[in-house]
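Structure at a glance
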Amino acid sequence: MTERTLILLRHAKSDWSGPGSDVDRPLAGRGLHQAPSAGRWLADNVGDLDLAVVSPATRARSTWELASAELDTTPETRIDDRVYAASAGELLAVVRDLPDDVESVVLVEHNPGFEGLVSLLTGEFVPMKTSALAVIGCMGPWSAAGSVSASLRALGRPPRGLSGR
């Protein structure tokens, strides 16, 4: 059975000071530094990615732009309206819809859906602070996610590092 890799990248710290809607909130100064650190960690520890699925929110798109600039090869990127403010169940549906020829995916999104998705897939509750990464090994096809074995392989927030599992 093939093991696939799902990387959850929570958007970097956003700026709450300005007016505007939630979807349009930009990154804060701290977020502008966090996102490239996440990308460097991905480049050093994960290798090539096949696909990025990104929330349409400005802070998520900006996080991915800064993180992906650190990669040797930028994967195909899809902005998916379904992942903005999605619940764990809605995110699981997005994962189950991933194409079978894709082996490694990064999902750039928000909380609390991310914490719930980790729990649905692995049975573990983990905090997902801004810029946190969770690397999950999923057995079998994406369509079976949540009903087959999955393990949390790494968790944390660069540059402080991620702990392996």
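To be clear, the structure that these remarks concern was listed above.
Residues numbered from 1 in each chain as written. Predicted model: local features only at pLDDT ≥ 70, side-chain atom pairs only at ≥ 80, totals over all residues. Heavy atoms only, no water.

Bringing the overall build of the chain into the picture now. Assigned secondary structure in the chain consists of four helices and seven strands. Listing each helix as α and each strand as β along the chain from the N terminus yields β-α-β-α-β-α-β-α-β-β-β. Here the C-alpha radius of gyration of the chain, 14 Å, is about what a compact globule of 165 residues would show, namely 15 Å. Seen through its C-alpha atoms, the chain measures out along the principal axes to roughly 45 × 30 × 30 Å. A buried classification covers 52% of the 165 residues belonging to the chain. Within the chain, contacts between residues separated by at least 24 positions form 72% of all contacts whose residues are at least 6 apart in sequence. Carbon and sulfur atoms make up 49% of the accessible area of the chain, which amounts to about 7500 Å² in all. Computed over 16 positive and 21 negative side-chain charges, the inter-centroid distance for the chain is 9 Å. (Helix = DSSP H or I, 4+ residues; strand = E, 2+ residues; numbered from the N terminus. Rg over C-alpha atoms; globule rule 2.2 N^0.38 Å. Buried < 20%, exposed > 50% of the residue type's maximum accessible area, 1.4 Å probe, protein only. Contact = heavy atoms within 4.5 Å. Areas by Shrake-Rupley, 256 points an atom, 1.4 Å probe, with all protein chains shown as cover. Lys, Arg positive; Asp, Glu negative; His and termini not counted. Charge placed at Lys NZ, Arg CZ, Asp CG, Glu CD.)

Of all six residues making up strand S4 (residues 104-109), six are buried, and the element is well covered by its neighbours. Neither face of S4 is left uncovered, since the one carrying Ser104, Val106 and Val108 and the one carrying Val105, Leu107 and Glu109 both have all their residues buried. Where strand S1 (residues 3-10) lies against S4, six bridges are found, and the strand directions are parallel. Residue Leu9 lies in a different strand from S4, and its bridge partner there is Val108. Summarising the sheet, strand S2 (residues 51-54) and S4 pair through four bridges and their orientation is parallel. Bridged to Val54 within S4 is Val108. (Pairing = 2+ DSSP bridges.)

For the rest of this paragraph, the subject is helix H3 (residues 88-96). All of the buried residues in H3 are Ala88, Leu91, Leu92, Val94 and Val95. Taken end-on, H3 shows its buried residues confined to a sector of 155°, consistent with a single buried face. Summarising the contacts, the buried residues of H3 are in contact with S1, S2, S4 and helix H4 (113-122). (Arc of directions from axis to C-beta.)

Now for H4. Among the 10 residues in H4, seven count as buried, and that is most of the element. Turning to H4, its buried residues are Gly113, Phe114, Glu115, Leu117, Val118, Leu121 and Thr122. If you follow the buried residues of H4, they end up packed against S1, H3, S4, strand S5 (133-139) and strand S6 (150-156). A positive phi of about 80° marks Gly123, the residue just after H4.

Here the focus is the pairing of S5. When you tally the buried positions in S5, you get six out of seven residues, the bulk of the element. Note: S5 against S6, six bridges, orientation antiparallel. In the sheet register, Ile136 faces S6, and the bridge partner there is Leu152.

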